[in-house]
Amino acid sequence: MKLRIALVQFSRDRLNKHGNVERMLSTLSEIKNVDVVCLPEAWTGGGDLFLEEKECEPLLASLCQLAAENNYNLLTGGLFNRRGRKIFDTCHVINRDGKVIGFYDKRFPSTAFNERDFCSPGDASPVFKVDDVKIGIVICVDALYPELTRNLALNDACIIFNPSNIPENRSELWKHVSVTRAVENTVFYIFVNNTNTLYPDERMVKGHSLVVAPDGEIILEAGEEQKVFQRDLDLSQIDKIRKRWRYLNDIRQQPVY
């Protein structure tokens, strides 16, 4: 089975929430003939420009409409949004029918930039089924907690999406992390980043989104341009590689934690 994915490497304006939303909706309206679209984290703007509930609901409605009109599954990346009295960093999963089938909240908001002062942690790592394919999500720094990705893989996720907002000087680190997570779990690993924008401390964010195959081969490495990158994933690779690399079976049979 093959799955065509699209990564939206987005040049956001950190201080212009309305403009970012308008440009993203326009970008999504032009994506055709793909199975899954993934957006980056915090593409609506800086984390301090979180979405109030009255803003999040119509945005989700628009995203659902675009997914249905263009016949793709859509991962909303990471939206800082208020639910009740709390703020979460959330990736919603929207199916081809334009229905939200679930969501993932970032498990470990960053301590480096005081996200935990305003952003509450999620408490679950669900596996989602899109087009009969099981996928998992880890948002940004969640990638550095290997147990999260391992547990998703042990629960049969074969593609892990990592929507992020990573500064340029950490791009090489994220490449190594992405390759490692793919190999140790024999999954496809998808890192989706913003570009040409600023991190909270004014460092540049410069793209370099990645698609890594379960054998560790980087099959897509983006540059710095704002662009929608597409790639076909041959899911039959997973079984072939797992016959040789039996890491998940070994852990299931002899858990070490």
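Figured I'd write up the structure that's included with this text. (Residues numbered from 1 in each chain as written. Predicted model: local features only at pLDDT ≥ 70, side-chain atom pairs only at ≥ 80, totals over all residues. Heavy atoms only, no water.)

## Description of the sheet that holds strand 10 (residues 188-192)
The strands that make up a sheet are held in pairs by hydrogen bonds between backbone atoms, and each pair lies either parallel or antiparallel.
So, step 1. Taking strand neighbours across the sheet as the criterion, the 6 strands line up as 7-8-9-10-13-14 in an open arrangement whose pairing is mixed. Edge positions in the open sheet fall to strand 7 (128-130) and strand 14 (218-221), since each of these has one partner strand only. Pairwise comparison of adjacent strand axes, ignoring direction, gives a mean angle of 20° for this sheet.
So, step 2. Where strand 8 (residues 133-137) and strand 9 (residues 159-163) come together, 3 bridges link them in parallel fashion. Paired with I137 across the strands is F161, a residue of strand 9. (Pairing = 2+ DSSP bridges. Helix = DSSP H or I, 4+ residues; strand = E, 2+ residues; numbered from the N terminus. Axes fitted to C-alpha atoms, helices over the stretch in contact; angles between N-to-C directions.)

## Structural notes on the environment of R107
So, step 1. Inspection of the secondary structure assignment puts R107 in the loop between strand 6 (100-105) and strand 7.
So, step 2. Between the C-alpha atoms of R107 and G207, which are 100 residues apart in sequence, the distance is 23 Å.
So, step 3. Not counting residues up to four positions away in its chain, the partners in contact with R107 are P121, G122, D123, A124, S125, D142 and L148.
So, step 4. Only 3.3 Å separates the side chain of R107 from the backbone oxygen of G122, close enough to count as a polar contact. (Contact = heavy atoms within 4.5 Å. Polar contact = N/O pair within 3.5 Å; in protein donor to acceptor, adjacent residues only side chain to side chain.)

## Some thoughts on the packing of helix 1 (residues 17-29) against helix 2 (residues 53-70)
So, step 1. Where helix 1 meets helix 2, the axes come as close as 10 Å, and the angle between the chain directions of the two elements is 15°. The orientation of helix 1 relative to helix 2 falls into the category roughly parallel. Considering only the axes of helix 1 and helix 2, their crossing is right-handed. Judged by residue contacts, K17, V21, L25, L28 and S29 of helix 1 engage E55, L59, S62, L63, L66 and N70 from helix 2.
So, step 2. Residue composition of the contact of helix 1 with helix 2, grouped by class: 6 nonpolar, 3 polar and 2 charged. (Parallel < 35°, antiparallel > 145°, perpendicular 65-115°, else oblique. Left-handed = near helix turned anticlockwise from the far one by under 90°. Nonpolar A, V, L, I, M, F, W, Y, C, P; charged D, E, K, R; others polar.)

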